[in-house]
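# Report on the structure
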Amino acid sequence: MGFTSVSLLKDRCVGCTTCVQRCPTEAIRVRGGKAHIQTDYCIDCGMCMRVCKHGAKVSETADLDAILSSDYKLKVALPPPSMYSQFEENRNINRLLTALKKIGFDEVFGVARGAEVITRETIRFIEENPPVNGPWISSACPAVVRLVATRFPSLIENILPLISPMETAARMARKYFTAQGYKDEEIGIFFITPCPAKTTEVLYPRMVEKSAVTNTVSMQDVYFKIRPFIHKMEDAEIETLQLESVEGVSWAHIGGESQGLGRPDCLAVDGIDNVIKVLDDLENGKIEQIDFLEANACTGGCLGGPLQIENPFNAYTRMKKVLRRNEHPHFRTDVLEADYSGISVMAEKEVEEAPSIQLSPDFQEALRMMERRDDLYERLPHLDCGACGAPNCYAFAQDVVRGKLVEEDCIIMLKDTLRYQKMEAQAKDQE
Amino acid sequence: MTFDYIVDPTEPERAGRASTKFKGVLKELGVSPKVIRALSIAMYEGEINMVIHANGGNIHCEVDADKIRVIMKDSGPGIPELDKAMKPGWSTASTQARELGFGAGMGLPNIKKWSDNLVVETEVGVGTTLTMEFNLT
């Protein structure tokens, strides 16, 4: 069973095939004049949200105001480091974190601190488990993990069996605040998400049994809410809340994660099409002598998340300024130096292969379907027009043999059928 | 069921297309990830060899219930000392190919390592046919 946190605003969808044709896993079809996501194929990369001209694709996140007025005794915000690149003149992380408290969160816990823990654990893990058959693949980008499960199942064994920085930070926050006297159920932990894939990771985790994160709120919602506070806040109001150093903050952009490992043989790739290309090469044994693969579905890494405000290139320039400014940061030492022993960062379950690519679970039946598909494909117009609601003629043929469409759903095929019928009728009249 | 691919030597940048295409077929058929990985590596290696050494050729793939057979046939120069070519490090690649980073002498040994059975038929001046098999059971 698949799950996606991307949903459709039906009123806005006009049934054009822009998202259908741009989806990197061909997961979308237009049926009955509206776009439908086939969740078994969706990897939550958010491409459809980016390309929809009508704003019909949205990422489902919790309502920020509802969260802020909820009954949780302690509401903790988990900001990802990419958030620090979203605001123009500001370079002080503590100012941004204080603004989160101003809008109603009781506490903040930077995800970048969790990232630093994962960096350390990754170094240790690779030393103890040198790669045998291809590199370890970072598990930090959930869209990439899902991509491997659906399209590259032979690489599942390469996924680094460590939990994500977000999950790590959430577990640390839970441990710290329960030690302060709160009950576990009184603590609500909310990740400020730059993408739909992270929301899916929280609601439908694939590497842990249950996420320590309560829910996600959208980066866009938070941005517009904290922006006024960031601007008008007096310097004296700024609290010391920062936990993360440059190393953790660097995870926000592509290459930052591998940089922290200090190994020469890392490969970093961003942008979903590039990731697919690299995974394909990896499967072919074409990429050798690499022991770690950092792959981010979005261009620029998390800075390019579909829920970010800034474009990833401008965000990266700002990020560099943030990193420079942070050479002498003020840290919240009580939280930083607390006891986090007993927190495990190992994955709790193996990523499951999603057999969505298979034509049939029965090998012989799959062969028969493939023959029918290829035969039909040869007869199709090869225009890839998308009028049938499938992204291209090949996917159309696939849908027909899967029983989702019939041949006449292709307008070119239908035209030929009608023309033939007309000719037959004329021939009859002449008799 | 059979699948045929042409490896075009005039487009070396497209080398690997056949392997990637056939890999897609095997995923659709639900072939186990282990077999797919082994086959991809061996077939890709063979495809690259066809481009570097043999001026392209044809690939014929047969999928049966218990076995996949990949037959890669070229009309290239042939391999003069097959025993040596099966050992790691030995190569007939041209200086030009070596300058491009190919011809490390790992091709055939690598294919042998990843396939369940490999038969090499070669005749100098006539060509080479590799038949590799992968067990599905």
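The rules we used
Each chain has its residues counted from 1, following the order in which its sequence is written. Written order determines the labels here, with chains lettered from A and ligands numbered from 1. Per-residue local features of the predicted model are confined to residues with pLDDT of at least 70, and side-chain atom pairs are confined, for both listing and counting, to 80 or more; whole-chain, interface and lining totals are unaffected and use all residues. Side-chain figures throughout are based on the complete set of non-hydrogen atoms in the structure, without hydrogens or water. Elements are defined by DSSP. Helices are runs of H or I of four residues or more, strands are runs of E of two residues or more, and each kind is numbered from the N terminus. What the globule rule says is 2.2 Å times the number of residues to the power 0.38, and the radius of gyration is computed from C-alpha atoms. Per-residue accessibility, obtained with a 1.4 Å probe over protein chains only, is compared with the maximum for each type, and a residue is labelled buried under 20%, exposed over 50%, and partly exposed between these values. Using the Shrake-Rupley algorithm and a 1.4 Å probe, accessible areas are obtained, with residue cover drawn only from the displayed protein chains. All tallies of charge rest on Lys and Arg as positive and Asp and Glu as negative; His and the ends of each chain are not included. Just so you know, the charge point we use is NZ for Lys, CZ for Arg, CG for Asp and CD for Glu. By convention here, the domain bounds are inherited from an automatic or database domain assignment. When checking whether two residues touch, look at their non-hydrogen atoms; a contact exists if any pair is within 4.5 Å. Take the accessible area each of two parts loses on contact, using a 1.4 Å probe, and add the two losses: that sum is the buried area. Any N or O atom pair separated by 3.5 Å or less is treated as a polar contact, with the protein-specific requirement of one donor-capable and one acceptor-capable atom, and with residues adjacent in sequence counted only for side-chain atom pairs. Put simply, Ala, Val, Leu, Ile, Met, Phe, Trp, Tyr, Cys and Pro go in the nonpolar bin, Asp, Glu, Lys and Arg in the charged bin, and everything else, Gly too, in the polar bin. Paired strands, in this sense, are two strands between which DSSP finds at least two bridges. Here, axes are lines fitted to C-alpha atoms. For helices the fit covers the stretch in contact, and angles between N-to-C directions go from 0 to 180 degrees. With its strands directed away from the observer, a crossover is right-handed exactly when the path from the first strand over the helix to the second travels clockwise. Geometry of aromatic contacts follows a simple scheme: Phe, Tyr and Trp rings, the Trp one being its six-membered ring, pair when their centres are within 6.5 Å, and the pair is stacked under 30 degrees between planes, edge-to-face over 60, tilted otherwise. Cation placement over rings: the criterion is NZ of Lys or CZ of Arg within 6 Å of the ring centroid and within 35° of the ring normal. Salt bridges are defined as contacts in which a side-chain nitrogen from Lys or Arg sits within 4 Å of a carboxyl oxygen from Asp or Glu.

Turning our eyes to something else, we now look at the overall build of chain A. Across its full length, chain A carries 17 helices and 11 strands. For 431 residues, the compact-globule formula gives about 22 Å, and the C-alpha radius of gyration of chain A, at 25 Å, lands near that figure. Expressed along its principal axes, the backbone C-alpha trace of chain A runs to roughly 95 × 50 × 40 Å. Here chain A holds 431 residues, and the buried ones make up 55% of them. Only carbon and sulfur atoms are counted for the fraction: they give 49% of the accessible area of chain A, which is about 19100 Å². Within chain A, one finds 50 positive and 64 negative side-chain charges whose respective centroids are separated by 5 Å.

Residue and element names in this part refer to chain A. For chain A, the domain assignment lists domain 1 (1–59), domain 2 (64–130 + 158–254 + 306–336) and domain 3 (362–431). The gap between the C-alpha centroids of domain 1 and domain 2 is 28 Å. Tallying the contact residues gives 12 residues for domain 1 and 10 residues for domain 2. Summing the contributions of domain 1 and of domain 2, the shared interface buries around 800 Å²; its carbon and sulfur component is 64%. Summed over the shared surface of domain 1 and domain 2, the result is 4 residue pairs in polar contact (both at pLDDT 80 or more). By residue class, the composition of the side of domain 1 that touches domain 2 is 6 nonpolar, 4 polar and 2 charged.

This part is about the sheet that holds strand β5 (residues 74–78) of chain A. All names here are of chain A. In spatial order, the strands read β6-β5-β8-β9; together these 4 strands make up an open sheet with parallel pairing. In this open sheet, the two strands that pair with only one neighbour each are β6 (107–108) and β9 (215–218). Pairing analysis gives 2 bridges linking β5 to β6, with the strands arranged parallel. Each bridged residue has a counterpart across the sheet, and for Val76 the counterpart in β6 is Glu107.

All names here are of chain B. Read from one edge to the other, the open sheet built from 5 strands follows the order β1-β2-β3-β5-β4, with strand pairing classed as antiparallel. Each edge of the sheet is formed by a strand with only one pairing partner; in this case those strands are β1 (2–7) and β4 (117–123). The mean angle between the axes of side-by-side strands here comes to 10°, regardless of whether they run parallel or antiparallel. Where β4 and strand β5 (residues 127–135) come together, 7 bridges link them in antiparallel fashion.

Looking now at the pairing of strand β10 (residues 266–270) of chain A. Side-chain positions along a regular strand alternate between the two faces of the sheet. Residues and elements named next belong to chain A. Pairing of β10 with strand β11 (residues 292–296), which is carried by 5 bridges, proceeds in the parallel orientation. If you follow Leu267 over to β11, its bridge partner there is Leu293. For the crossover that starts at β10, traverses helix α12 (residues 272–283) and ends in the parallel β11, the hand is right-handed.

Attention now moves to the packing of aromatic side chains. By the definition in use, this model includes 9 aromatic pairs over all chains. Ring centres of Tyr72 of chain A and Phe190 of chain A lie 5.8 Å apart, and the angle between their planes is 75°; on these two criteria the pair is classed as edge-to-face. Of this pair, Tyr72 of chain A sits in the loop between α3 (64–68) and β5 while Phe190 of chain A sits in strand β8 (residues 187–193), and the two are 118 residues apart along the sequence. The exposure class assigned to Phe190 of chain A is buried, which follows from its relative accessible area of 1%. For the pair Tyr5 of chain B and Phe22 of chain B, a centre-to-centre distance of 6.3 Å together with 65° between the ring planes defines the contact as edge-to-face. With a gap of 17 residues between them, Tyr5 of chain B in strand β1 and Phe22 of chain B in helix α1 (residues 17–28) connect regions that are remote in the sequence. Take Tyr5 of chain B and Phe22 of chain B: they sit in the same class, and that class is buried. The ring of Phe229 of chain A is capped by Lys232 of chain A, whose NZ or CZ atom sits 4.8 Å from the centre of that ring.

Before going further, it helps to examine the interface of chain A and chain B. Of the residues lining the interface, 30 residues belong to chain A; the matching set on chain B comes to 23 residues. Taking both partners together, chain A and chain B bury about 2100 Å²; carbon and sulfur atoms supply 57% of that area. By the criterion of area lost to chain B, the three top residues of chain A are Asn284, Phe363 and Met370 of chain A, representing 29% of everything that side buries. Linking chain A with chain B are 5 salt bridges, by the criterion used here. As a salt-bridge pair, Glu283 of chain A and Lys27 of chain B come within 3.1 Å of each other at their nearest N and O atoms.

Looking now at helix α5 (residues 107–114) of chain B. Taken together, the buried positions of α5 of chain B are occupied by Gly107, Leu108, Pro109, Asn110 and Ile111 of chain B. Tucked into the core, α5 of chain B has its buried residues touching α2 (33–53), α3 (82–85), β4 and β5 of chain B.

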